[in-house]
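Next come the chains, spelled out residue by residue.
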Amino acid sequence: MNPADDLAKRSRTHGRSGNPAKATSPRSGGAAPAGTATAADWISGARLRTLPLAIAPVALGTGAGVIAIAEGPWHPARALLALVVALALQIGVNYSNDYSDGVRGTDDHRVGPARLTASGAVKPRHVLVVALSFFALAALAGLALVVITQQWWLIAVGAAAIVAAWFYTGGKRPYGYAGLGEVFVFIFFGLVATAGSAFVQALTVNLEAWLGGVGVGLLACAVLMANNLRDVEQDRVAGKRTLAVLIGPLAGRILFVLFALVPFGIAVFFAFFYPTAWLVLFALLAALPACIIVLTAKTARELILALQLTSVTALLYGVGLGLAFAF
């Protein structure tokens, strides 16, 4: 489950050996011997520019939770733990996708420099161990929240999020290969992350959290759609049936625009009750250019820019609404 899959890809192609250990190395242009990955490669594999999509729902949900607290101050420690859960899951799923797509051979068909697994610079099991380590970190932070709030049923929610993260591209039948990526991104990067962040503050979920979660979730879907539009031809060759592959590029571009702009209708609704929410509309300065780019793009580089703009939009939207609610 990776709504901003590898934002930094350039428009050049891997080797197509079908064997991750023999894929083209982004550094040498040939086969990369195992164990040659640098710290920079590992940091690149974490895809830090996807992290705004983890921060946005936590910020929005925390703000929504603050206004729902019946008595007493808000709980910054709980917000911090929720942020650790979201960030660790995001980084974990990035490494998980690197591993799963690499061993499956999907990355042999994709545009851009080779990933850790597909390049052969890192042994697949090492990438898997790192992915599982971040999932474990998310689980530990989530367990801390469970203990603090005494809401033991949250363990099931956290387990579902980790399972969904793994099976996005992992397992025998990954749902990301069956056109369901946007559905699960909307649920977990939108509703669950936002409502969960509100709940650990106030032990209830208000309308602000649910509607705000819809907005953040749609923006996460927009990021994923732009990513899949960029890779639509390569994914079709690899047998990865994303939503963009299933409905075609034209319908995908139109759907991207809806994903990116509908959240601002939600922001306008909130602005009638929280005046500073009007400021969230400044995020349209990033969202509208992203829509124009996606509708007219002819190259992968243009869609990479749209991905970046949409990721910034999500961050501004989530933080902006969260602050509007809290203050």
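Throughout, residues of each chain are indexed from 1 in the direction in which the sequence is written. A pLDDT threshold of at least 70 governs which residues receive local features in this predicted model, and a stricter bar of 80 or more applies before side-chain atom pairs are shown or counted, although totals over entire chains, interfaces and linings include all residues. Just so you know, side-chain values use all the structure's heavy atoms and leave hydrogens and water out.

### With respect to helix H7 (residues 181-202)
Then comes step 1: Each helix is a run of DSSP H or I of at least 4 residues and each strand a run of E of at least 2, with the numbering of both proceeding from the N terminus. In a helix, the anticipated span is given by 1.5 Å times the number of residues less one. Compared with an ideal rise of 1.5 Å per residue, which puts 22 residues at 32 Å, H7 spans 30 Å between its outermost C-alpha atoms and is within 8% of the ideal.
Then comes step 2: We define the bend at each residue as the angle formed by axes fitted to the 7 residues ending at it and the 7 residues starting at it. A bend of about 30 degrees at Val192 is the largest found in H7.
Then comes step 3: Phi turns positive one or two residues past the end of H7, at Leu203, with a value near 60 degrees.

### A word on unusual backbone geometry
Then comes step 1: The phi dihedral of Arg47 is positive, around 55 degrees, even though this residue is not glycine.
Then comes step 2: Assignment of secondary structure puts Arg47 in the loop between helix H1 (39-46) and helix H2 (52-68).
Then comes step 3: Take Arg47: its relative accessible area is 5%, and that puts it in the buried class.
Then comes step 4: Phi at Gln150 is positive, roughly 60 degrees, even though this residue is not glycine.
Then comes step 5: Checked against the element boundaries, Gln150 lands in the loop between helix H5 (124-149) and helix H6 (154-166). The classification of residues rests on relative accessible area computed with a 1.4 Å probe and restricted to protein chains. Under 20% of the type maximum is buried, over 50% is exposed, and intermediate values are partly exposed.

### Overview of the packing of helix H3 (residues 76-104) against H6
Then comes step 1: To get an axis, a line is fitted to the C-alpha atoms, and for a helix only the part in contact is used. The angle between two axes follows their N-to-C directions and goes from 0 to 180 degrees. Running from N to C, H3 and H6 point in directions that differ by 30 degrees, and their axes come no closer than 9 Å. Classed by the angle they form, the pair H3 and H6 counts as roughly parallel. The residues of H6 that touch H3, namely those facing Leu89, Val93, Ser96, Tyr99 and Ser100, are Ala161, Ile162, Ala165 and Trp166.
Then comes step 2: Side-chain classes are defined by residue name, with Ala, Val, Leu, Ile, Met, Phe, Trp, Tyr, Cys and Pro counting as nonpolar, Asp, Glu, Lys and Arg as charged, and the others, Gly among them, as polar. Split into classes, the residues belonging to the contact of H3 with H6 amount to seven nonpolar, two polar and no charged. Relative orientations are named as follows: roughly parallel for angles under 35 degrees, roughly antiparallel for angles over 145 degrees, roughly perpendicular for angles from 65 to 115 degrees, and oblique for any other angle. In this description, contact between two residues means that some pair of their heavy atoms is separated by no more than 4.5 Å.

### What about a nonpolar patch on the surface?
Then comes step 1: Where nonpolar side chains cluster on the molecular surface, the patch consists of Leu207, Phe269, Phe272, Phe273 and Trp278 and spans about 580 Å² of accessible area.
Then comes step 2: As for its placement among the helices and strands, Phe273 is situated in the loop between helix H11 (249-271) and helix H12 (284-296).
Then comes step 3: A relative accessible area of 54% places Phe273 in the exposed class. What makes a patch is a set of residues exposed beyond 30% relative accessible area and free of salt bridges, joined within 9 Å when like-charged and within 5 Å when nonpolar (Val, Leu, Ile, Met, Phe, Trp, Tyr). Note that accessible areas follow from Shrake-Rupley with a 1.4 Å probe, and for residues the cover is restricted to the protein chains shown. By definition here, a salt bridge exists when the distance from a side-chain nitrogen of Lys or Arg to a carboxyl oxygen of Asp or Glu is within 4 Å.

### Here we look at the pattern of salt bridges
Then comes step 1: Enumeration according to the criterion identifies two salt bridges in this entry.
Then comes step 2: With a shortest N-O distance of 2.8 Å, Asp231 and Arg230 are connected by a salt bridge.
Then comes step 3: Residue class for Arg230 comes out buried when judged on its relative accessible area of 6%.
Then comes step 4: In this structure, Arg236 and Glu233 form a salt bridge, with 3.0 Å as the shortest nitrogen-oxygen distance. Highlighted residues: Arg236 and Glu233, both in helix H9 (residues 232-238), separated by three residues, approximately one helical turn.
Then comes step 5: Overall, Arg236 belongs to the partly exposed group, its relative accessible area being 38%.

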